[in-house]
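Examining the three-dimensional arrangement
The primary structure of each chain is shown beneath.
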Amino acid sequence: MLEHSKAFSGFSVDDIPKAKQFYGETLGLRVTEEHGMLTLHSPDDRNTLIYPKPNHEPATFTILNFPVPDIESAMDDLIARGVTFEHYEGLDPKGINRQGGPLIAWFKDPAGNILSVLQED
């Protein structure tokens, strides 16, 4: 029954206007708003729903990964836009994990949800 359904992901935030500004203006993503919720539109039509939740608690895992051709350039651009990268133990001084797997760096949205940029293969 669901094999033909176009499933999509979603996550909560505590402030829709703040999320719209962050995802739309800071990150430069196409965002639409309808019925008090946001839709992030990705180039591959895998849209993501962002919905308000009064008792929102930030996810403790990465909710969105953004593959990029050059992680250093992407990070520089995001830093210039006001994004602060996390500095977990074992990361390089810029905040990049270089200890196996793809090069990856994490940052948070205004609601505290964890996002990442990662180097494409």
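Presented here is an overview of the structure given in this document. Computed from a predicted structure; not experimentally measured. Going along each chain's sequence as written, the residues are numbered from 1 onward. Side-chain atom pairs in this predicted model are given and counted only at pLDDT of 80 or more, local residue features only at pLDDT of at least 70, and totals for whole chains, interfaces and linings cover all residues. No hydrogens and no water enter the side-chain calculation; it runs on all heavy atoms of the structure.

1. Regarding the pattern of salt bridges
- Each reported salt bridge corresponds to a side-chain nitrogen of Lys or Arg within 4 Å of a carboxyl oxygen of Asp or Glu. Considering all chains together, one arrives at 7 salt bridges under this definition.
- Put simply, Glu33 and Lys20 hold a salt bridge, and the shortest N to O gap is 3.2 Å. Residue Glu33 is found in strand S2 (residues 30-34), and its partner Lys20 is found in helix H1 (residues 16-26); the two are separated by 13 residues along the sequence.
- Note that Asp44 is salt-bridged to Arg46, the shortest N-O span being 3.9 Å.
- Per-residue accessibility, obtained with a 1.4 Å probe over protein chains only, is compared with the maximum for each type, and a residue is labelled buried under 20%, exposed over 50%, and partly exposed between these values. For Asp44, a relative accessible area of 47% translates into the label partly exposed.
- Arg46 gets classed as exposed once you look at its relative accessible area, which sits at 63%.
- What emerges from the salt-bridge pattern is a single network uniting Glu72, Asp76, Asp92, Lys94 and Arg98. Strands are runs of DSSP state E lasting at least 2 residues, helices are runs of H or I lasting at least 4, and numbering of each runs from the N terminus.

2. Side note on the sheet that holds strand S3 (residues 37-41)
- The 4 strands lie next to each other as S1-S4-S3-S2, forming an open sheet whose pairing is mixed. Looking along the sheet, the strands with just one partner apiece sit at the ends: strand S1 (9-13) and S2. Neighbour to neighbour, the strand axes of the sheet diverge by 25° on average, direction disregarded.
- For two strands to be treated as a pair, DSSP must find no fewer than two bridges joining them. In this sheet, S3 lies alongside S2 in antiparallel orientation, the contact comprising 5 bridges. What sits directly across from Val31, in S3, is Leu40.
- Here H1 sits on the sheet in contact with S1, S2, S3 and strand S4 (48-52), set at roughly 160° to S2. Each axis is a line fitted through C-alpha atoms, taken for helices only over the stretch in contact, and angles between the N-to-C directions span 0 to 180 degrees. By definition, residues are in contact when any of their heavy atoms lie within 4.5 Å.

3. Concerning the packing of aromatic side chains
- The criterion for an aromatic pair is that two Phe, Tyr or Trp rings (for Trp, the six-membered ring) have centres within 6.5 Å, with stacked assigned to planes under 30 degrees apart, edge-to-face to planes over 60 apart and tilted to the rest. By the definition in use, this model includes 4 aromatic pairs.
- Residues Phe85 and Phe107 carry aromatic rings whose centres are separated by 5.3 Å and whose planes lie at 65° to one another, so their mutual orientation is edge-to-face. A residue pair is termed long-range when its members are at least 10 positions apart, and Phe85 in the loop between helix H2 (71-80) and strand S6 (96-97) and Phe107 in strand S7 (residues 104-108) qualify at 22 residues. An identical accessibility class is assigned to Phe85 and Phe107; each is buried.
- Between Tyr88 and Trp106 the ring centres are 5.7 Å apart and the planes differ by 65°, which places this aromatic pair in the edge-to-face class. With Tyr88 in the loop between H2 and S6 and Trp106 in strand S7, this residue pair connects regions lying 18 residues apart in the sequence.
- Ring-pair connections join several aromatic residues into one group, and the members of that group are Phe11, Phe22 and Tyr23.

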